Amino acid sequence: MNTSKRRTNWWRGIKAIIREYPNYINRADKLSCAEKADFEAVKNAISQTRRLRNGEMRMEMIDLVFWKQSHTLSGAAMQFPFCEREVRQWHTDFIRLVGRNRGLID
């Protein structure tokens, strides 16, 4: 199987988990086991990302793209003093971090 197909299998799912995170916060005491694992994966990725260089800006991009859904990735990139390619890498890094925390990728 080619790499892009393997990525697609989990990539969409991780993006959905990230988008769902604010709803998990609002009902944290009523989450199923799988939802708790999803919640913890994102929560840990947030904590790990905040410790990185430019971590707060990275989280601001995640907020704009995933939670507020007010910007496309290209639009969000215009909000930061970095090239679009670097902001896209932040996006990829966060998705992969959640995937690793969730145990879906190595």
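The preceding data block contains the structure.
Cut-offs used in this document
- Residues numbered from 1 in each chain as written.
- Predicted model: local features only at pLDDT ≥ 70, side-chain atom pairs only at ≥ 80, totals over all residues.
- Heavy atoms only, no water.
- Axes fitted to C-alpha atoms, helices over the stretch in contact; angles between N-to-C directions.
- Helix = DSSP H or I, 4+ residues; strand = E, 2+ residues; numbered from the N terminus.
- Parallel < 35°, antiparallel > 145°, perpendicular 65-115°, else oblique.
- Left-handed = near helix turned anticlockwise from the far one by under 90°.
- Contact = heavy atoms within 4.5 Å.
- Expected span 1.5 Å × (residues − 1).
- Buried < 20%, exposed > 50% of the residue type's maximum accessible area, 1.4 Å probe, protein only.
- Arc of directions from axis to C-beta.
- Phe/Tyr/Trp six-rings, centres within 6.5 Å; stacked < 30°, edge-to-face > 60°.
- Salt bridge = Lys/Arg side-chain N within 4 Å of Asp/Glu carboxyl O.
- Polar contact = N/O pair within 3.5 Å; in protein donor to acceptor, adjacent residues only side chain to side chain.

Looking now at the packing of helix α2 (residues 33-50) against helix α5 (residues 84-101). Relative placement of two packed helices is described by the angle separating their axes and the distance separating the axes. Running from amino to carboxyl end, α2 crosses α5 at an angle of 130°, the nearest separation of the two axes being 8 Å. Comparing their axes, α5 and α2 come out oblique. Once α2 is placed against α5, the crossing between them reads as right-handed. Judged by residue contacts, A41, V42, N44, A45, I46, Q48 and T49 of α2 engage F94, L97, V98 and N101 from α5.

This part is about α2. Over its 18 residues, α2 extends 26 Å from the first C-alpha to the last, a length consistent with the 26 Å expected when each residue adds 1.5 Å. The complete set of buried residues in α2 reads D38, F39, A41, V42, A45, I46 and T49. Buried residues of α2 fall within an arc of 160° about the axis and therefore sit on the same side.

The next point concerns the packing of aromatic side chains. In the structure shown here, the tally under the stated rule is five aromatic pairs. A centroid spacing of 5.3 Å and a plane angle of 65° characterise the contact between W10 and W11, whose relative ring orientation is edge-to-face. Comparing W10 with W11 shows no difference in burial state: the two are buried. Taken together, a centroid distance of 5.3 Å and an interplanar angle of 15° make the contact between Y21 and F39 stacked.

This part is about the pattern of salt bridges. Inspection of the entire model under this criterion finds six salt bridges. Here R50 and E56 are joined by a salt bridge, their closest N and O atoms 3.3 Å apart. Judged by its relative accessible area of 45%, R50 is partly exposed.

By the secondary structure assignment, Q69 is in the loop between α3 (55-67) and α4 (73-77). For Q69, a relative accessible area of 51% gives the class exposed. Once residues within four sequence positions are removed from consideration, Q69 is found in contact with R19, D63 and L64. Of note is the side chain of Q69, whose polar atom sits 3.2 Å from the backbone oxygen of F66.

Everything listed here is a matter of geometry and, on its own, says nothing about what the molecule does.
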